[in-house]
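Observations on chain architecture
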Amino acid sequence: MRIFDPHIHMTSRTTDDYEAMYAAGVRAVVEPSFWLGQPRTSPASFLDYFDALLGWEPFRAAQYGIAHHCTLALNPKEANDPRCTPVLDALPRYLVKDNVVAVGEIGYDSMTPAEDTALAAQLQLAADHGLPALVHTPHRDKLAGLRRTLDVVRESALPTDRVLVDHLNETTVKEAKDSGAWLGFSVYPDTKMDEERMVSILRAYGPEQVLVNSAADWGRSDPLKTRKVADLMLAEGFTEDDVDRVLWRNPVAFYGLSGRLNLDVDATDATHEGNSILRGAPRDEPQPAGAPATEA
Amino acid sequence: MTRPHVTPATPEADTTGGPATPGDGTTPALTPPAELRRRLADRLGGAARAWLDQALDEAATHPGTHGPISVWELRLAEAGRRCGPAHADAARVLILHAAHADADALTRVYFQGTADERRAVLHALPHLVPDGPGALPLVEDALRTNDTRLVAAALGPYAARHLDAHAWRHAVLKCLFTGVGLDHVADLARRARGDGELARMLGDYAAERTAAGRAVPEDLHRVLALTESAPATPPHGTDDPHGKES
């Protein structure tokens, strides 16, 4: 089974997670830029973060045989902080980079005028750079937030079929599907969706344009939720082709709209084998040449 | 579970490299740009070759800084998806060369670049700023990272020429720590020859590995043997301007 997690914040995860994800079948991830739990206070914090998403994190992922791409944006929450909004001026030079496969996460948090401005500006940036957009739907007042999101998308230069609306659930899936957007579902241990509800939605609405993600981050979350959904799909009578469609082909098709998706992790992994993350191979396993010691 | 991408220790195992290499031994830092371009053109498909030709023409016609981001810098950013990952380093080195990027431009491009772009800048240093130490901060930055692709790229002919003895010794040791094959270290034999301090550091590292019950990297013995050769004739001119330990 091959799995593409189209929304996961690996910067917040450990190498144990990468190892478990690889064992579960994850071979590709997209990491959207988001807020860090602790508010940023300047654009420079964003730039260092973007650089990490374009440098260190794909390097780390490659150690574990996983292709890593990212989406870059000013996130909705920090769009409300005037200390952060100047990062919008720096985004154009980042959106041309090879590993950037969408603009995101953008969208609404509290549905403020500042969020309106940032969402519209970044949908325009996506259109200007030939990129699709990953649009987060708000946690609070979700249905109203989805409607306002879709209105702004329709008014933008970006066609709706180049937009992935994420964090959908039973209350928002129908209107999102009717809009023609791609449909993202985040499966969490306690909040957002769970595996059983996800399978019910797939049964009711079909697998077309549906993407399932773990959205795992620094909060309570589980980077193996994609595999758990796949397993439950099979147990509930979906075919292996259905699973492959939802958990691999759909995310490949959506992010492939960028023309920048490169899933051939083998093309680079030979160069990453002697890495500085393993911090010494276990003594009962073959050691990498020059078995690396701690280099933090 | 077994770790999927760890190679067993073998004397031949080259555990790093630059990016996926083109397979003909072409190293962007060591191959003259004209030769690099000829070999790259032979291997690129029609569309990629046409893109590269145009990118190089644009860079030659409009070098320098124009607007928020110069056209040649845009081409540098997209070279990976246009030419393919295996050819991205060579393409980027050629674009930097065509644009006559100086130390200031290389510094800007490096610090605004992805890891792949930074690696290409490091490969370009011996072609573009061979004589001046002005780009040493880029080498030092790359050597501070734990990204073995950057560490390997940092240790090309430019570092061999300009890196001071202390930093160079630590770079060699870092290669051994992180599994970067010492074949990536340019001019290894010349710089290691007669270096008693490096020999001491290598010996201490070997003792530490042995005390921990771990294998000593094969490369360590190889470079240790190099240090035991008689010192070269004293450094002269710009060949080793920083290499004076008191």
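Residues numbered from 1 in each chain as written. Chains lettered and ligands numbered in written order. Predicted model: local features only at pLDDT ≥ 70, side-chain atom pairs only at ≥ 80, totals over all residues. Heavy atoms only, no water.

Considering the overall build of chain B
Helix and strand content of chain B: 13 helices and zero strands. When the helices and strands of chain B are listed from N to C terminus, the series reads α-α-α-α-α-α-α-α-α-α-α-α-α. Within chain B, the fraction of its 246 residues that count as buried is 51%. In chain B, the proportion of contacts linking residues at least 24 apart, taken out of those at least 6 apart, comes to 72%. Taken as a whole, chain B presents about 10,500 Å² of accessible surface, with 54% of it coming from carbon and sulfur. (Helix = DSSP H or I, 4+ residues; strand = E, 2+ residues; numbered from the N terminus. Buried < 20%, exposed > 50% of the residue type's maximum accessible area, 1.4 Å probe, protein only. Contact = heavy atoms within 4.5 Å. Areas by Shrake-Rupley, 256 points an atom, 1.4 Å probe, with all protein chains shown as cover.)

Brief notes about the overall build of chain A
Looking only at helices and strands, chain A features eleven helices and eight strands. Buried positions account for 62% of the 296 residues belonging to chain A. In chain A, the share of contacts with a sequence separation of at least 24, taken over all contacts with a separation of at least 6, comes to 73%. Total accessible area on chain A stands at roughly 10,400 Å², and carbon and sulfur atoms take up 50% of it.

Regarding helix H6 (residues 115-128) of chain B
Residue and element names in this part refer to chain B. Look at H6: 20 Å from first C-alpha to last across 14 residues, which is about the 20 Å you get at 1.5 Å a residue. Where H6 bends most, at leucine 122, the angle is about 25 degrees, and the proline proline 126 comes one to four residues later. With respect to burial, H6 is a largely interior element, twelve of its 14 residues being buried. Restricting attention to buried positions, one finds in H6 the residues Ala115, Glu117, Arg118, Arg119, Ala120, Val121, Leu122, His123, Ala124, Leu125, Pro126 and Leu128. (Expected span 1.5 Å × (residues − 1). Bend = angle between axes of the 7 residues up to and from the residue.)

Considerations on the state of the cysteines
Evaluation of the coordinates by the stated rule reveals zero disulfides over all chains. Among the cysteines around cysteine 84 of chain A, which has no disulfide bond, cysteine 70 of chain A carries the closest sulfur, lying 18 Å off. (Disulfide = S-S within 2.5 Å.)

Section: the sheet that holds strand E1 (residues 3-5) of chain A
Residues and elements named next belong to chain A. If you trace the eight strands from one edge of the open sheet to the other, you get E1-E2-E3-E4-E5-E6-E7-E8, paired in parallel fashion. Lying at the two open borders of the sheet, with one neighbouring strand each, are E1 and strand E8 (210-213). On average, each strand axis in the sheet is inclined to that of its neighbour by 25 degrees, with strand direction left out of account. Strand direction decides the pairing type here: strand E2 (residues 26-32) and strand E3 (residues 67-72), joined by five bridges, are parallel. Bridge assignment links valine 29 to a residue of E3, and that residue is histidine 68. Its contacts with the sheet put helix H5 (residues 113-128) on strand E4 (100-107) and strand E5 (133-136), and the angle it makes with E4 is roughly 165 degrees. (Pairing = 2+ DSSP bridges. Axes fitted to C-alpha atoms, helices over the stretch in contact; angles between N-to-C directions.)

Quick notes on helix H2 (residues 46-61) of chain B
Residue and element names in this part refer to chain B. For H2, which comprises 16 residues, the first-to-last C-alpha distance of 22 Å matches the rise-based estimate of 22 Å (1.5 Å per residue) to within 8%. Buried residues of H2: Ala48, Trp51, Leu52, Ala55, Leu56, Glu58 and Ala59, and no others. Considered in projection along H2, the buried side chains sweep an arc of 160 degrees and stay on one side of the axis. (Arc of directions from axis to C-beta.)

Things to note about the side chain of serine 221 of chain A
All names here are of chain A. Its place among the elements puts serine 221 in the loop between E8 and helix H9 (225-235). Of note is the side chain of serine 221, whose polar atom sits 3.1 Å from the side chain of arginine 13. At 3.1 Å, the side chain of serine 221 forms a polar contact with the backbone nitrogen of aspartate 217. With near-sequence residues (within four places) excluded, serine 221 lies in contact with Arg13, Tyr188, Pro189 and Ala216. (Polar contact = N/O pair within 3.5 Å; in protein donor to acceptor, adjacent residues only side chain to side chain.)

Some thoughts on the nonpolar core
One finds Phe50, Leu72, Val165, Phe185 and Met198 of chain A to be the most contacted residues of the largest nonpolar core, which totals 73 residues. Residues in contact with phenylalanine 50 of chain A, not counting those within four places in the same chain, are Ser33, Leu72, Ala73, Val87, Leu91 and Tyr94 of chain A. In this structure, Leu76, Ala90, Leu94 and Phe177 of chain B belong to the second largest nonpolar core, which totals 67 residues. (Core = buried A, V, L, I, M, F, W, Y, C linked by side-chain atoms within 4.5 Å.)

A few points about the packing of aromatic side chains
Residues and elements named next belong to chain A. All told, the structure shown has 13 aromatic pairs over all chains when counted by the stated rule. A centroid spacing of 5.6 Å and a plane angle of 90 degrees characterise the contact between tryptophan 35 and tryptophan 218, whose relative ring orientation is edge-to-face. Linking tryptophan 35 in the loop between E2 and helix H2 (43-54) with tryptophan 218 in the loop between E8 and H9, this pair joins segments that are 183 residues apart in sequence. Each ring, one from phenylalanine 50 and one from tyrosine 94, has its centre 5.3 Å from the other, and the planes form 70 degrees; the classification is edge-to-face. Note that phenylalanine 50 is positioned in helix H2 and tyrosine 94 in helix H4 (residues 87-95), a separation of 44 residues in sequence. (Phe/Tyr/Trp six-rings, centres within 6.5 Å; stacked < 30°, edge-to-face > 60°.)

Concerning the pattern of salt bridges
Scanning the entire structure with this criterion turns up 43 salt bridges over all chains. Here aspartate 51 of chain A and arginine 118 of chain B are joined by a salt bridge, their closest N and O atoms 3.8 Å apart. Pair noted here: aspartate 51 of chain A is in helix H2 and arginine 118 of chain B is in helix H6, and the two residues belong to different chains. Each member of the pair, aspartate 51 of chain A together with arginine 118 of chain B, is buried. With a closest N to O distance of 2.8 Å, arginine 227 of chain A and aspartate 231 of chain A form a salt bridge. In this pair, arginine 227 of chain A and aspartate 231 of chain A are both assigned in helix H9, four residues apart and thus about one turn of the helix distant. (Salt bridge = Lys/Arg side-chain N within 4 Å of Asp/Glu carboxyl O.)

Digging into the pairing of E2 of chain A
Residues and elements named next belong to chain A. Within E2, six of the seven residues are buried, which leaves the element mostly enclosed by the surrounding structure. Taken together, the three bridges between E1 and E2 define a ladder with parallel strand orientation. Each bridged residue has a counterpart across the sheet, and for aspartate 5 the counterpart in E2 is valine 29. What joins E1 to E2 is helix H1 (residues 15-24), and the crossover it makes is right-handed. (Right-handed = clockwise from strand over helix to strand, strands pointing away.)

A look at the pairing of E5 of chain A
All names here are of chain A. The alternating pattern of E5 places Ala133 and Val135 on one face and Leu134 and His136 on the opposite face, and all of these are buried. In this sheet, E5 lies alongside E4 in parallel orientation, the contact comprising three bridges. Each bridged residue has a counterpart across the sheet, and for glycine 107 the counterpart in E5 is histidine 136. In this view, the connection linking E4 to its parallel neighbour E5 by way of H5 has right-handed handedness. Here four bridges tie E5 to strand E6 (residues 163-166), and the two strands are oriented parallel to one another. Paired with valine 135 across the bridge in E6 is valine 165. You can see the chain leave E5, run along helix H6 (residues 142-155) and come back into E6, and the turn it takes is right-handed.

Concerning the packing of helix H8 (residues 195-205) of chain A against H9 of chain A
Residues and elements named next belong to chain A. It is at 9 Å that the axes of H8 and H9 come closest, and there the two elements cross at 55 degrees. Considered as vectors, H8 and H9 are oriented oblique to each other. For the element pair H8 and H9, the recorded crossing hand is right-handed. Residues Glu195, Glu196, Met198, Val199 and Leu202 of H8 pack against Lys225, Lys228, Val229, Leu232 and Met233 of H9. When the residues that make up the contact of H8 with H9 are grouped by side-chain class, the tally is six nonpolar, no polar and four charged. (Parallel < 35°, antiparallel > 145°, perpendicular 65-115°, else oblique. Left-handed = near helix turned anticlockwise from the far one by under 90°. Nonpolar A, V, L, I, M, F, W, Y, C, P; charged D, E, K, R; others polar.)

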